[in-house]
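In case you want the letters, here they are:
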Amino acid sequence: MKDFLRSTEHLSRVVLLLALGLIVFLLIRQAVIPAEFGKYGHFRPGALDDIRARPVNFAGREACEACHSDQVEAKSKGKHANIGCEACHGALAKHAEDPTSVVPELPKTEVLCAKCHEANAAKPKTFPQVVTADHSNGMPCNTCHKPHNPRISGD
Amino acid sequence: MEMTRREMLRQSGKFILLTSAAATAWEYVLAGKAEASPNYDMTKHWWSMIIDVDKCIGCGNCVRACATENDVPEGYFRTWIERYHIEDWHSDHPEVDSPNGGFDGFPDNHKQGKNFFIPKICNHCADSPCTQVCPVGATFVTPDGVVLVDEKYCLGCRYCIQACPYGCRFLNPKKNTAEKCTLCYHRITKGLTTACCENCPTGARVLADLKNPNDPVHEFLRTHSVQVLKPHMATGAKVFYKNLDGAVR
């Protein structure tokens, strides 16, 4: 027995060293990899919470409609009925949270309307388009058209 | 205190194993934190998008809305619009332009032939090439079918940017991490639609949930001629284009 131990001593040290190395590796692995890694796939589930926690800048039309029922009514009769409020008025989640201190500016119609309605060969042929320079000569569009219901005869 | 070498090793081994076990247990306790959207069940959704090419007017509202909502760095795009110009005699080689991604709209090119706009966005592929090449598990497909990037894990190695056949990814110049469309994951998990769909004035883009039996997407896919981009690459793309011209790449 004594001879056996003596003859394998150099091996047992190597085995011990390897075992210690393995333990150190496992400990580091434990510390570095989050406990839930791989719960839904090969990724860190906490990333989902990080991404979900980002702030919302566009409140969505439902939030606008909760207060501005008069504008919804005006818009519902015209061609612009299905356009989201913030498509023209800009991102207003802050206004929805605090309507009194954050007040949106009215967009300038001569700039805003042209973004969609300026004539362009690539636009669908059925889409109403004008060459604004010929059509209004720089006059604000809302001189004649109400943006929420743009048809001139419609009210 | 007297201690043999063997006893010392045994004691220290026990100590190390037990503390690591305790640490693991504590991790599990800590992990039980509340989710950001508690009522959202990932297993009940499978997100996609429908794009009606005939409705796109190239106004750039989607591009601007995306930049505002997601703080996209200037000159980079998570969604963009391309303008195709095709001559009848040259249909294999369309002329494509996208000035500033369509952010400021498109000046009229006054060209004869077929002209149209194609909005582009991450296709949130079911078998996405970009997630397969990531060496560190920083990009992944969520159980509800959205391809996302974990900013904390991303090394900025750019493999995914090369792997995406649609060119939907870029390296954020400030963070040096890969960035892409999240399908507004922070919005859709709260019951809102994406910023681009919310602000599309013509309804050319509509967010769709393929797992929701009441979603109009099912009828839309059945009753229209619908294509995906680069179907030969078998990416399982989930952005469906209605009446897509064969010249679109």
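Conventions adopted
Residues numbered from 1 in each chain as written. Chains lettered and ligands numbered in written order. Predicted model: local features only at pLDDT ≥ 70, side-chain atom pairs only at ≥ 80, totals over all residues. Helix = DSSP H or I, 4+ residues; strand = E, 2+ residues; numbered from the N terminus. Buried ≥ 20, exposed ≤ 12 C-beta atoms within 10 Å, placed from the backbone. Contact = placed C-beta atoms within 7 Å. Rg over C-alpha atoms; globule rule 2.2 N^0.38 Å. Nonpolar A, V, L, I, M, F, W, Y, C, P; charged D, E, K, R; others polar. Expected span 1.5 Å × (residues − 1). Pairing = 2+ DSSP bridges. Axes fitted to C-alpha atoms, helices over the stretch in contact; angles between N-to-C directions. Core = buried A, V, L, I, M, F, W, Y, C linked by C-beta atoms within 7 Å. Domains from an automatic or database assignment. pLDDT = per-residue confidence, 0-100. Arc of directions from axis to C-beta.

## Topic: the overall build of chain B
Part 1 of the argument: Along its length, chain B carries 7 helices and 11 strands.
Part 2 of the argument: The 249 residues of chain B split such that 39% are buried.
Part 3 of the argument: The contacts in chain B between residues at least 6 apart in sequence include a share of 64% that link residues at least 24 apart.

## Remarks on the overall build of chain A
Part 1 of the argument: Of regular secondary structure, chain A possesses 8 helices and 0 strands.
Part 2 of the argument: Written out in order from the N terminus, the α and β elements of chain A read α-α-α-α-α-α-α-α.
Part 3 of the argument: Relative to a compact globule of 155 residues, whose C-alpha radius of gyration would be 15 Å, chain A shows 33 Å and is clearly more extended.
Part 4 of the argument: Principal-axis analysis of the C-alpha atoms gives chain A an extent of 110 × 40 × 25 Å.
Part 5 of the argument: Per-residue burial over chain A gives 18% buried out of 155 residues.
Part 6 of the argument: In chain A, the share of contacts with a sequence separation of at least 24, taken over all contacts with a separation of at least 6, comes to 56%.

## Details of the interface of chain A and chain B
Part 1 of the argument: Tallying the contact residues gives 36 residues for chain A and 48 residues for chain B.
Part 2 of the argument: Mapped onto the side of chain A that touches chain B, the elements with two or more residues apiece are α1 (2-32), α2 (46-52), α5 (85-89) and α7 (109-117) of chain A.
Part 3 of the argument: Of all the elements, α2 of chain A adds the most residues to the side of chain A that touches chain B, at 5 residues.
Part 4 of the argument: When grouped by side-chain class, the residues that make up the side of chain A that touches chain B number 20 nonpolar, 8 polar and 8 charged.

## A closer look at α1 of chain A
Note that an α-helix has 3.6 residues per turn; residues three or four places apart therefore point the same way.
Part 1 of the argument: The first and last C-alpha atoms of α1 of chain A sit 43 Å apart over 31 residues, in line with the 45 Å expected at 1.5 Å per residue.
Part 2 of the argument: Buried residues are scarce in α1 of chain A, accounting for 0 of its 31 residues.

## Considering the sheet that holds strand β2 (residues 79-86) of chain B
Residue and element names in this part refer to chain B.
Part 1 of the argument: If you trace the 3 strands from one edge of the open sheet to the other, you get β3-β2-β4, paired in antiparallel fashion. Unpaired on one side and paired on the other, β3 (95-97) and β4 (114-121) mark the two borders of the sheet. Strand-to-strand, the axes of this sheet are offset by a mean angle of 25°, without reference to chain direction.
Part 2 of the argument: Here β2 pairs with β4 via 8 bridges, running antiparallel. Paired with E82 across the bridge in β4 is I118.

## Considerations on the sheet that holds strand β10 (residues 226-227) of chain B
Part 1 of the argument: If you walk across this open sheet you meet the 4 strands as β9-β1-β11-β10 (chain B), and the pairing is mixed. Edge positions in the sheet fall to β9 (205-209) and β10 of chain B, since each has one partner strand and no second.

## Concerning the nonpolar core
Part 1 of the argument: Judged by nonpolar contacts, the single largest core of 68 residues is most densely connected at M49 and L148 of chain B.
Part 2 of the argument: Residues from two domains meet in this core; each of domain 1 (2-52) and domain 2 (61-143) of chain A gives at least three.
Part 3 of the argument: In this structure, M49 of chain B is in contact with I121, R205, V206, L207, A208 and V239 of chain B, ignoring residues within four places of it in sequence.

## Thoughts on the confidence of the model for chain B
Parts of the prediction with low pLDDT should not have their coordinates interpreted in detail.
Part 1 of the argument: Averaged over every residue, the pLDDT of chain B is 89; the share at 70 or more is 89%.
Part 2 of the argument: In the model output, the complex is listed with pTM 0.84 alongside ipTM 0.86.

## Overview of the environment of C122 of chain B
Part 1 of the argument: Note on placement: C122 of chain B falls in the loop between β4 and α3 (129-133).
Part 2 of the argument: What C122 of chain B contacts, discounting residues up to four positions off in sequence, is V147, C168, K180 and C181 of chain B.

## As for α7 of chain A
All names here are of chain A.
Part 1 of the argument: For α7, the full list of buried residues reads C113, A114, C116 and H117. Each buried residue of α7 sits inside an arc of 165° when the element is viewed along its axis, so together they form one side.
Part 2 of the argument: Turning to α7, the residues buried within the fold contact α8 (132-135).

## Brief notes about the pairing of strand β1 (residues 47-52) of chain B
Residues and elements named next belong to chain B.
Part 1 of the argument: Counting buried residues along β1, 6 of its 6 residues qualify, which places the element largely inside the surrounding structure.
Part 2 of the argument: With burial as the criterion, each face of β1 is covered, one bearing W47, M49 and I51 and the other bearing S48, I50 and D52.
Part 3 of the argument: The sheet contact formed by β1 and β9 spans 5 bridges and is antiparallel. Bridging across to β9, I50 finds its partner in V206.

## Brief notes about the environment of H89 of chain A
Residue and element names in this part refer to chain A.
Part 1 of the argument: Within the secondary structure layout, H89 lies in helix α5.
Part 2 of the argument: Given 17 C-beta atoms within a 10 Å radius, H89 is considered partly exposed.
Part 3 of the argument: Taking C-alpha positions, H89 is 9.5 Å from L112, a pair spaced 23 residues apart along the chain.

## Describing the confidence of the model for chain A
Part 1 of the argument: Summarising the model, chain A shows a mean pLDDT of 91, and 99% of its residues fall at 70 or more.
Part 2 of the argument: When mean pLDDT is compared element by element in chain A, α5 of chain A scores highest at 95, while α1 of chain A scores lowest at 90.

## As for unusual backbone geometry
Most peptide bonds are trans, and most residues other than glycine sit at a negative phi.
Part 1 of the argument: The backbone of N137 of chain A shows a phi angle near 55°, a positive value even though the residue is not glycine.
Part 2 of the argument: The residue N137 of chain A is located in the segment after α8 in this model.
Part 3 of the argument: Judged by the 7 C-beta atoms lying within 10 Å of it, N137 of chain A falls in the exposed class.
Part 4 of the argument: The phi torsion at N176 of chain B lies on the positive side, around 60°, for a residue other than glycine.
Part 5 of the argument: Within the secondary structure, N176 of chain B sits in the loop between β7 (170-171) and β8 (178-179).

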